[in-house]
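Listed below are the residues making up each chain.
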Number of protein chains: 2
Amino acid sequence: MSDELKNKLFFDKTTIIGVGFIGASFALALREKGLCKTISGCGRKDENLKRAKERGIINDYSLDLKKACEDSDLIFLSTPVGSFKIVVEEIKGVLKKGAVVTDAGSVKGRLVYDLEAAMPEGVCYIGAHPIAGSDKSGIDDARPDLFKNARCIITPTVNSDENAMKKIVSIWESFGARVDTADPFKHDEIYAVVSHFPHIAAYALVNTVADIDSKYIEYAGKGFKDTTRIALSSPEMWRDITMFNKENLIKLMDAFKINLDKIKKYLMENNESGIEEEFLKAQKLRESLK
Amino acid sequence: MSDELKNKLFFDKTTIIGVGFIGASFALALREKGLCKTISGCGRKDENLKRAKERGIINDYSLDLKKACEDSDLIFLSTPVGSFKIVVEEIKGVLKKGAVVTDAGSVKGRLVYDLEAAMPEGVCYIGAHPIAGSDKSGIDDARPDLFKNARCIITPTVNSDENAMKKIVSIWESFGARVDTADPFKHDEIYAVVSHFPHIAAYALVNTVADIDSKYIEYAGKGFKDTTRIALSSPEMWRDITMFNKENLIKLMDAFKINLDKIKKYLMENNESGIEEEFLKAQKLRESLK
């Protein structure tokens, strides 16, 4: 990064709303890249914020959203996505002119337009989604290099301020992320398939074990563990994500059931080559991801 | 292991039928523990067997099943399970009195009784299933410590020879495996839930991506990769496993669909707490596996 760009990118005060795995990693990365003077944290749990301060992740904190956002140049939303609109309603009265609001939410679509519309004059919102989620949810696993080589999708709209957009792209690029842009609704269509529905499937798979006999889980090997690792993810966070992307998810559930039913039919008909073809088709596409 | 047990356990000749990831690892472990003098390999591909010999995994090999099994004291079946009965029919005429036939198949149930019934007089079959499968299928990744700390399920029947059973248990214990015994049908009920159905779900999940847009797979992160890793597994092997365990799998497909439909209903009804409860229930059970 040139010194000129770095000067332009420097933020006197950044506020992290929701100091968890992603929020704390963002703070650590900002600090490591020297992009910020002061980082304020805001959240629901005093104890967590206190620990984040002790560990040097944030400089100070407040449980009061307005206080945490006063004089802030950059506001980073990393709470469950269901709270974004409520948070923005709460803070919009104190936002400084020229401030940029961004986020790390896994859903975009309509939400991006709603947040954009809620911004007061002179404040810009740019949506972002770093693909660095995890079943981890606390500051203990946060690290400054979390976003290095990770994909980050920025979802501008026709209304997005070009300057604010450049700032957000530059932040993620400085972290070493591979930045892409996508239409907010297209983003949700893509991530419904490659992330949101797989979470639903993993949760449903574990609950199916419970329906048969919970004790059977003890017999699971590495295959089951990997397949259901994401069922360890925060239920609160994923409740919000699935609710916000439900139209795409409902369509996917139906598409998935068609695939399951095809295999079921082949099993019932003893159609061995049909089954092998289905598995082979999946294996080939999955191999392209290696 | 005591010297006495080791003497009893020593096999002059072992035949590995199907020298892939599991068969080669079994051979390497036998050799490392000093339990065998000569290991013969048998399979479909001359080139693979040649490489296995060059690497010291097997001492010699034959493409002819009968020849490979002549004078063998221990026969280890590690081909796809669908071939076990055909292989046994082919070799039963040459099996030596006192020989033990075993396997590493992921399905047991009826197959165990069929294989047992096919044994000539003086030859015992004991079913085994080491939980050390992988999306890997070749000898390149084989290793002698693959079974260390892995679970291995032995599935004796009322007809099983006690001496042969002890031998098989001792082999796996000498490899450091955690040996359990289970009724063959109970085994299939358990592994349908914790392994076989998850494979079907992973294959179907990848095929659902293809239904929407194969290119979307590029956007996948670690969650999708882990959830679908087992879709890299051998289609031929899993065709056989799912066919042999289809009764349990069809039941599970229905149970899984009920769980999916419950989430779908909650999404459609905006029942946020219902969704969170489903996810939380799964998260808790999955955490018990950590």
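Residues numbered from 1 in each chain as written. Chains lettered and ligands numbered in written order. Predicted model: local features only at pLDDT ≥ 70, side-chain atom pairs only at ≥ 80, totals over all residues. Heavy atoms only, no water.

### Structural notes on the environment of Lys262 of chain B
Residues and elements named next belong to chain B.
Step number 1: By the element assignment, Lys262 lies in helix α11 (residues 246-268).
Step number 2: Lys262 gets classed as partly exposed once you look at its relative accessible area, which sits at 30%.
Step number 3: Spatially, the C-alpha atom of Lys262 lies 42 Å from that of Gly23, the residues being 239 residues apart in sequence. (Helix = DSSP H or I, 4+ residues; strand = E, 2+ residues; numbered from the N terminus. Buried < 20%, exposed > 50% of the residue type's maximum accessible area, 1.4 Å probe, protein only.)

### Things to note about the relation of the copies chain B and chain A
Step number 1: Take chain B, turn it by 180°, move it 0.0 Å along the axis, and it overlays chain A with an RMSD of 0.0 Å. Expressed as a symmetry operation, the mapping of one chain copy onto the other fits a two-fold axis. Closest to the rotation axis within chain B is the C-alpha of Thr227 of chain B, separated from it by 1.9 Å.
Step number 2: Residue by residue, 100% of the interface of chain B is reproduced at the interface of chain A, so both copies engage with the same surface. (Least-squares fit on C-alpha atoms with pLDDT ≥ 70 in both. Contact = heavy atoms within 4.5 Å.)

### Side note on the pattern of salt bridges
Step number 1: Enumeration according to the criterion identifies 46 salt bridges over all chains in this entry.
Step number 2: A salt bridge links Glu32 of chain A to Lys33 of chain A; the nearest nitrogen and oxygen atoms lie 3.8 Å apart.
Step number 3: A salt bridge links Lys166 of chain A to Glu162 of chain A; its shortest N-O distance comes to 4.0 Å. Here Lys166 of chain A and its partner Glu162 of chain A are both found in helix α7 (residues 162-174), four residues apart, which amounts to about one turn of the helix.
Step number 4: A relative accessible area of 52% means that Lys166 of chain A is categorised as exposed.
Step number 5: Classification of Glu162 of chain A by relative accessible area gives exposed; the value is 59%.
Step number 6: Connected through shared salt-bridge partners, Arg239 and Asp240 of chain A together with Glu272 and Glu276 of chain B make up one network. (Salt bridge = Lys/Arg side-chain N within 4 Å of Asp/Glu carboxyl O.)

### A closer look at unusual backbone geometry
Step number 1: Backbone geometry at Asp71 of chain A places phi at a positive 65°, although glycine is not the residue there.
Step number 2: For Asp71 of chain A, the position within the fold is in the loop between α4 (65-69) and β4 (74-77).
Step number 3: When its relative accessible area of 55% is taken as the criterion, Asp71 of chain A is described as exposed.
Step number 4: Despite not being glycine, Asn149 of chain B shows a phi value in the positive range, around 70°.
Step number 5: Assignment of secondary structure puts Asn149 of chain B in the loop between β7 (128-130) and β8 (151-154).

### Quick word on the side chain of Ser62 of chain B
Residues and elements named next belong to chain B.
Step number 1: Mapped onto the elements, Ser62 comes out in strand β3 (residues 60-62).
Step number 2: Owing to a relative accessible area of 11%, Ser62 belongs among the buried residues under this scheme.
Step number 3: Looking at Ser62, its side chain comes within polar contact range of the main-chain nitrogen of Asp64, at 2.9 Å. (Polar contact = N/O pair within 3.5 Å; in protein donor to acceptor, adjacent residues only side chain to side chain.)

### Brief notes about the sheet that holds strand β7 (residues 128-130) of chain A
All names here are of chain A.
Step number 1: Read from one edge to the other, the open sheet built from three strands follows the order β7-β8-β9, with strand pairing classed as mixed. Each edge of the open sheet carries a strand with a single partner, namely β7 and β9 (178-181). Within this sheet the neighbouring strands show an average axis-to-axis angle of 20°, counted without direction.
Step number 2: In this structure, strand β8 (residues 151-154) lies alongside β9, joined through four bridges in parallel fashion. Following the sheet pairing, Arg151 is matched in β9 by Arg178. (Pairing = 2+ DSSP bridges. Axes fitted to C-alpha atoms, helices over the stretch in contact; angles between N-to-C directions.)

### Description of the domain arrangement of chain A
Residue and element names in this part refer to chain A.
Step number 1: Taken domain by domain, chain A holds domain 1 (3-182) and domain 2 (186-287).
Step number 2: A straight line from the C-alpha centre of domain 1 to that of domain 2 covers 31 Å.
Step number 3: The interface of domain 1 with domain 2 comprises 18 residues on the first partner and 13 residues on the second.
Step number 4: A buried area of about 1,400 Å², summed over both sides, lies between domain 1 and domain 2, and 64% of it is on carbon and sulfur atoms.
Step number 5: Looking at the side of domain 1 facing domain 2, the largest losses of area belong to Ser106, Val107 and Asp135, adding up to 37% of the total buried there.
Step number 6: Viewed at the interface, domain 2 and domain 1 are joined by one salt bridge.
Step number 7: At the boundary of domain 1 and domain 2, one finds six residue pairs in polar contact (both at pLDDT 80 or more).
Step number 8: Of all elements in the fold, only α6 (109-118) and β8 reach the threshold of two or more residues within the side of domain 1 that touches domain 2.
Step number 9: Each residue belonging to the side of domain 1 that touches domain 2 can be placed in one class, and the counts come to seven nonpolar, seven polar and four charged. (Domains from an automatic or database assignment. Buried area = accessible area lost by both parts, 1.4 Å probe. Nonpolar A, V, L, I, M, F, W, Y, C, P; charged D, E, K, R; others polar.)

### Points about α7 of chain A
All names here are of chain A.
Step number 1: Here α7 contains 13 residues, and its C-alpha end-to-end distance of 18 Å stays within 8% of the 18 Å for a straight helix at 1.5 Å per residue.
Step number 2: By the burial criterion, the buried members of α7 are Ala164, Met165, Ile168, Val169, Ser170, Ile171, Trp172 and Ser174.
Step number 3: Between a side-chain oxygen at the N-terminus of α7 and the backbone nitrogen of Asn163 the separation is 3.1 Å; the capping residue is Asp161. (Expected span 1.5 Å × (residues − 1).)

### Topic: the interface of chain B and chain A
Step number 1: Every contact between the two is made by 82 residues of chain B and, on the other side, 82 residues of chain A.
Step number 2: Between chain B and chain A, a total of about 8,300 Å² is buried, with carbon and sulfur atoms accounting for 70% of that surface.
Step number 3: Summed over the shared surface of chain B and chain A, the result is ten salt bridges.
Step number 4: Here Lys264 of chain A ties to Asp254 of chain B by a salt bridge, and the two come within 2.7 Å at their closest N and O atoms.
Step number 5: One can count 34 residue pairs in polar contact (both at pLDDT 80 or more) joining chain B with chain A.
Step number 6: For the side of chain B that touches chain A, the elements supplying multiple residues, two or more each, are β8, α8 (184-213), α9 (222-227), α10 (235-244), α11 and α12 (272-287) of chain B.
Step number 7: Across the side of chain B that touches chain A, the residue classes tally to 44 nonpolar, 14 polar and 24 charged.

### Overview of the packing of helix α8 (residues 184-213) of chain A against helix α11 (residues 246-268) of chain A
Between two packed helices, what matters for the description is the angle formed by their axes and the separation of those axes.
Residue and element names in this part refer to chain A.
Step number 1: Where α8 meets α11, the axes come as close as 10 Å, and the angle between the chain directions of the two elements is 65°. Our pair here, α8 against α11, has a crossing hand that is right-handed. Where α8 approaches α11, its residues Asp188, Glu189, Ala192, Val193, His196, Phe197 and Ile200 are matched on the opposing element by Asn248, Leu249, Leu252, Met253 and Phe256.
Step number 2: The residue makeup of the contact of α8 with α11, split by class, is eight nonpolar, two polar and two charged. (Left-handed = near helix turned anticlockwise from the far one by under 90°.)

### What about the pairing of β8 of chain A?
Residues and elements named next belong to chain A.
Step number 1: With burial as the criterion, each face of β8 is covered, one bearing Arg151 and Ile153 and the other bearing Cys152 and Ile154.
Step number 2: Bridge count for β7 against β8 is three bridges, and the pairing is antiparallel. Within the sheet, the bridge partner assigned to His129 lies in β8 and is Ile153.
Step number 3: As for the winding sense of the linkage, the β-α-β connection from β8 through α7 to β9 is right-handed. (Right-handed = clockwise from strand over helix to strand, strands pointing away.)

### Quick notes on the packing of aromatic side chains
Step number 1: One pass over the structure, following the stated rule, counts 23 aromatic pairs over all chains.
Step number 2: Ring centres 5.9 Å apart and planes at 20° place the aromatic pair Tyr113 of chain A and Phe185 of chain A in the stacked group. Residue Tyr113 of chain A is found in helix α6, and its partner Phe185 of chain A is found in helix α8; the two are separated by 72 residues along the sequence.
Step number 3: With a centroid separation of 5.6 Å and an interplanar angle of 80°, the aromatic rings of Trp172 of chain B and Phe175 of chain B are classed as edge-to-face. (Phe/Tyr/Trp six-rings, centres within 6.5 Å; stacked < 30°, edge-to-face > 60°.)

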